[in-house]
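Descriptive structure summary
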Number of protein chains: 2
Amino acid sequence: MTDPISKGLLPEGFRDRLPPQAEAAADLLRTLLDQVSAHGYERVSPPLVEFEDSLVTRLSSARPQDLLRFVDPLSQRTLALRPDITAQVGRIAATRMAHIARPLRLAYGGPVLRVRPAQVGPQREAMQMGAELIGSDHVDAVAELLGIALEALAAAGLADMSVDLTLPDLVGTLAAGPWPVTAPLADVQTALDGKDAAALQALGAAQYSTLIEAAGPSDSALARLKALNVSGALNTRIAGLERLVATAAPHAAVTIDPTERHGFEYQTWIGFSVFAAGVRGEVGRGGTYLVRHPGGGEETAVGFSLYVDGLVDAGLGASRRRRLFVPLGEAAHAAKLRAEGWTTVAALTDADTPTRLRCDYALANGELVKL
Amino acid sequence: MTDPISKGLLPEGFRDRLPPQAEAAADLLRTLLDQVSAHGYERVSPPLVEFEDSLVTRLSSARPQDLLRFVDPLSQRTLALRPDITAQVGRIAATRMAHIARPLRLAYGGPVLRVRPAQVGPQREAMQMGAELIGSDHVDAVAELLGIALEALAAAGLADMSVDLTLPDLVGTLAAGPWPVTAPLADVQTALDGKDAAALQALGAAQYSTLIEAAGPSDSALARLKALNVSGALNTRIAGLERLVATAAPHAAVTIDPTERHGFEYQTWIGFSVFAAGVRGEVGRGGTYLVRHPGGGEETAVGFSLYVDGLVDAGLGASRRRRLFVPLGEAAHAAKLRAEGWTTVAALTDADTPTRLRCDYALANGELVKL
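Rules used throughout
- Residues numbered from 1 in each chain as written.
- Chains lettered and ligands numbered in written order.
- Predicted model: local features only at pLDDT ≥ 70, side-chain atom pairs only at ≥ 80, totals over all residues.
- Heavy atoms only, no water.
- Phe/Tyr/Trp six-rings, centres within 6.5 Å; stacked < 30°, edge-to-face > 60°.
- Helix = DSSP H or I, 4+ residues; strand = E, 2+ residues; numbered from the N terminus.
- Buried < 20%, exposed > 50% of the residue type's maximum accessible area, 1.4 Å probe, protein only.
- Lys NZ or Arg CZ within 6 Å of the ring centre and 35° of its normal.
- Contact = heavy atoms within 4.5 Å.
- Buried area = accessible area lost by both parts, 1.4 Å probe.
- Salt bridge = Lys/Arg side-chain N within 4 Å of Asp/Glu carboxyl O.
- Polar contact = N/O pair within 3.5 Å; in protein donor to acceptor, adjacent residues only side chain to side chain.
- Nonpolar A, V, L, I, M, F, W, Y, C, P; charged D, E, K, R; others polar.
- Pairing = 2+ DSSP bridges.
- Axes fitted to C-alpha atoms, helices over the stretch in contact; angles between N-to-C directions.
- UniProt positions renumbered as here; feature names shortened; annotations may be inferred.
- Least-squares fit on C-alpha atoms with pLDDT ≥ 70 in both.
- pLDDT = per-residue confidence, 0-100.

1. Overview of the packing of aromatic side chains
- Taken as a whole and judged by the stated rule, the model has 5 aromatic pairs over all chains.
- Taking the centre distance of 4.9 Å and the plane angle of 70° together, the rings of A:W342 and A:Y361 count as edge-to-face. In this pair, A:W342 sits in the loop between α12 (331-339) and β14 (343-346) while A:Y361 sits in strand β15 (residues 361-364), placing the two residues 19 residues apart along the sequence. Each of the two residues, A:W342 as well as A:Y361, counts as buried.
- Here B:W179 and B:Y208 contribute two aromatic rings whose centre-to-centre distance is 5.0 Å and whose plane-to-plane angle is 80°, an arrangement assigned as edge-to-face. Residue B:W179 is found in the loop between α5 (170-176) and α6 (185-193), and its partner B:Y208 is found in the loop between α7 (197-202) and α8 (209-213); the two are separated by 29 residues along the sequence. Pair check on accessibility: B:W179 and B:Y208 agree, each one buried.
- We note A:K370 situated over the ring of A:Y361; from NZ or CZ to the ring centre the distance is 5.3 Å.

Here is the structure:
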């Protein structure tokens, strides 16, 4: 424990970001938030810590056992570090901003923490940013959010993106309408999760296996969904998917997996994931959901979250600054150059040379010299 | 616990930042970090959580009992939330960046958490930013840091600033040289902390009471320090103070309290605090200190930390964006306007009006109209 070398070590799942990655992470977060702000999404900043029971009640993508918890020495209550910011934004919309006219557009960015990593990779602290539109789950609202997410990622330098669309309540919609089943719906869904046609057959839900085949690139998936659109029960879903495929088209290839539920347990009619070549795991995800109000009642909403660390690890945002060496006695010129956008690095002693201070340019008698 | 209204409440000392304050906090942090980056300080981003024993070993301004601690379910080790980032930057400089030539200039910004508030006010989570120069504690390095801190705060809109300078090891320097005392030095220092001339007399350290009178505006304080500069023991300290008074002069009035120690326990020869009219508590603080290396040995350093929340609470950084209403069907024009810097807010239905969406301008047939 007191071995001096071990003092430099961090707990499993936590890391230092060094230059230039720390700068890249900050730059990427800034770019993404600027894009979202330009669409009228206003920043909110909830705290890192809440009452455990308050977080658990509103949890969406995280489970209670994923929370980092501790007893507060002041209040003796159990507090928890937030595993996700979306639920906090829902709390704010439903309480302190309940009186603001809808649609309410909010943005956020900050660290989230979990006992076990949420995304691919070993990290337990992640930088999450996102946008939420509260008061609508109409496809126009979903298209706005999906479009902004892809636009923002493109502005951050991401290329070769793909979007997966899913319809989390599709099975329920079909079962309540044209495709009634006597077996428990959860069993049908589990069979679909396993792409298990034989199990569906055994459950007396053989027609649901056509949904397994409907997964794939948007063109073929939409054609198959249209073919099984018994008595028009899927009209609005198909129109919604077509709208979102068109929204994504300038930036991303689209696949549709109509019965994919994993990670979309709290989404209502539509969920989406964003992936990109060169980025491990999801770049982000979103969809429609319900915000619960403290007095009872629910409100429709749509939003997305993007994960900055995957982008940093993929090398995005890391443009090294040109460093300009300022010799002793030339500080007066440096202020003007900083105002022009230069990064200046001042010598403090004669031992400080441009090489030592990793500079690419130097000032010499007030003139800029490339080294 | 399950009262639905209480779900909106937060633990004591934690808060939501809403619009426009959340935006103001982000803008201020960005402005301050941009100013620091322009001087060649490279961003590092340590994690929110470390091993408790590692944080305690390097603690500077926080005490172990101030830490929010918990047992990690994965490692069964005690982890703690960082109460301060300076010590983490020291750890990085002494370990992963030990091989980089000095002076090493590093910057950081992020949340810190404590059991009890560190600053004035009830908040337990605060946004800290700062800069550290590792490898020198020369007055030239201190002047660079103090100058950057004041420049950055001025760029963030802060006016009417004042700087307090202190010499944390002054008593030790005098006692080792011209003013020997037989009483324990800690007792002399305690008497000075209490500005207690009678106690100094009783300790046989009467000449130290002149230091009490030396506190005040820089002109009179420097004159008094010069008068008691027995056999030149204070030559370098007086020259240092004069240099820093000149550095601060364009931005801030300077006072000197040569024996003030509170909060400067870990500083070596110089410490400074920044205050401003309209901001509760300290705006920031800094000074010289030692970075401990894991293999043994120490390295001189100088740095400062600024606290963003006080600036936000004082109303800085909160310039409301002009919101431009985009009616149904005019989305094509909106992209061009966003590229020009406008914040656009799209109607999703006919019910969405400029008033409802709190807009100041509107698009009408592709033309901008002020409302």
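2. Concerning the interface of chain B and chain A
- With 82 residues of chain B in contact, the opposing surface of chain A contributes 82 residues.
- Interface of chain B and chain A: buried area, both sides summed, is about 7400 Å²; carbon and sulfur atoms make up 57% of it.
- Put simply, chain B and chain A have 12 salt bridges between them.
- When the shortest N-O distance is used, the salt bridge between A:R124 and B:D72 registers 2.6 Å.
- Taken together, the links from chain B to chain A amount to 26 residue pairs in polar contact (both at pLDDT 80 or more).
- Top contributing element to the side of chain B that touches chain A by residue count: helix α1 (residues 21-37) of chain B, with 6 residues.
- By residue class, the composition of the side of chain B that touches chain A is 41 nonpolar, 10 polar and 31 charged.

3. Thoughts on the sheet that holds strand β4 (residues 78-81) of chain A
Residue and element names in this part refer to chain A.
- Reading across from one edge, β2-β4-β3 is the order of the 3 strands in this open sheet, with antiparallel pairing throughout. This sheet does not close on itself; its edge strands, each paired only once, are β2 (49-51) and β3 (69-71). Here the average twist between neighbouring strands, direction ignored, is 35°.
- In the sheet, β2 pairs with β4 via 3 bridges, with the strands oriented antiparallel. Each residue of the ladder has a partner; that of E50, found in β4, is A80.

4. Observations concerning the pattern of salt bridges
- Applying the stated criterion to the full structure yields 45 salt bridges over all chains.
- B:R30 is the salt-bridge partner of A:D34, the closest N and O atoms lying 3.0 Å from each other. Taken together, the residues A:D34 in helix α1 (residues 21-37) and B:R30 in helix α1 connect one chain to another.
- Since its relative accessible area comes to 32%, A:D34 is described here as partly exposed.
- In this structure, B:R77 and B:D53 form a salt bridge, with 3.6 Å as the shortest nitrogen-oxygen distance. Residue B:R77 is found in the loop between β3 (69-71) and β4 (78-81), and its partner B:D53 is found in helix α2 (residues 52-58); the two are separated by 24 residues along the sequence.

5. Quick notes on the sheet that holds strand β15 (residues 361-364) of chain B
Residue and element names in this part refer to chain B.
- Taken together, the 4 strands give an open sheet; going across it, the order is β14-β13-β15-β16, and neighbouring strands pair in mixed fashion. Every other strand in the sheet has two partners, leaving β14 (343-346) and β16 (367-370) as the edge strands with one partner each. Pairs of neighbouring strands in the sheet enclose a mean axial angle of 35°, with direction left out of account.
- Where β15 lies against β16, 4 bridges are found, and the strand directions are antiparallel. What sits directly across from L363, in β16, is L368.

6. Side note on the UniProt feature "binding site: L-histidine" (unreviewed entry) in chain A
All names here are of chain A.
- Under the local residue numbering, the UniProt record ascribes the feature "binding site: L-histidine" (unreviewed entry) to D84, I85, T86, R114, Q128 and E132.
- Residue I85 is classed as buried on the basis of its relative accessible area of 1%.
- Non-local contacts of I85, meaning those with residues more than four positions away in its chain, are made with P46, Y108, G109, G110, P111, V112 and Q128.
- On the secondary structure map, T86 appears in helix α3 (residues 86-94).
- Ignoring any residue separated from it by four or fewer positions in sequence, one finds T86 in contact with Y108, Q128, E132, Y266, Y289 and S305.

7. Things to note about the pairing of strand β11 (residues 284-292) of chain B
Residues and elements named next belong to chain B.
- Across the 9 residues that make up β11, a large majority, 7, are buried.
- Across 4 bridges, the pairing between strand β10 (residues 271-276) and β11 is antiparallel. Bridge assignment links G271 to a residue of β11, and that residue is G287.
- Sheet analysis places β11 next to strand β12 (residues 298-307), joined by 9 bridges and oriented antiparallel.

8. Remarks on the relation of the copies chain B and chain A
- Between chain B and chain A, which share one sequence, the superposing operator has a rotation angle of 180° and an axial displacement of 0.0 Å; the RMSD is 0.0 Å. Given the turn and translation reported, the copies of this chain are related as if by a two-fold rotation axis. Scanning chain B for the C-alpha nearest the rotation axis identifies B:F70, at a separation of 2.6 Å.
- Looking at chain B, 100% of its interface residues are interface residues in chain A too, so the copies touch through the same face.

9. A short note on the pairing of strand β9 (residues 252-256) of chain B
Residues and elements named next belong to chain B.
- Only one face of β9 is covered, namely the one carrying A252, V254 and I256; the face carrying A253 and T255 has none of its residues buried.
- Looking at chain direction, strand β7 (residues 161-166) and β9 are connected through 5 bridges and run parallel. Its bridge partner being in β9, M161 is matched across the sheet by A252.
- Note: strand β8 (residues 216-217) against β9, 2 bridges, orientation antiparallel. When the bridges of β9 are listed, P217 appears paired with T255.

10. Thoughts on the confidence of the model for chain A
Residues and elements named next belong to chain A.
- With 96% of its residues at a pLDDT of 70 or more, chain A has an overall mean of 92.
- Here helix α2 (residues 52-58) stands out as the element of chain A with the lowest mean pLDDT, 86, in contrast to helix α4 (residues 139-155), whose mean of 98 is the highest.
- Low confidence marks residues 1-8, where pLDDT is under 50. Its contacts with residues over four positions away, or in another chain, come to 13 contacts.

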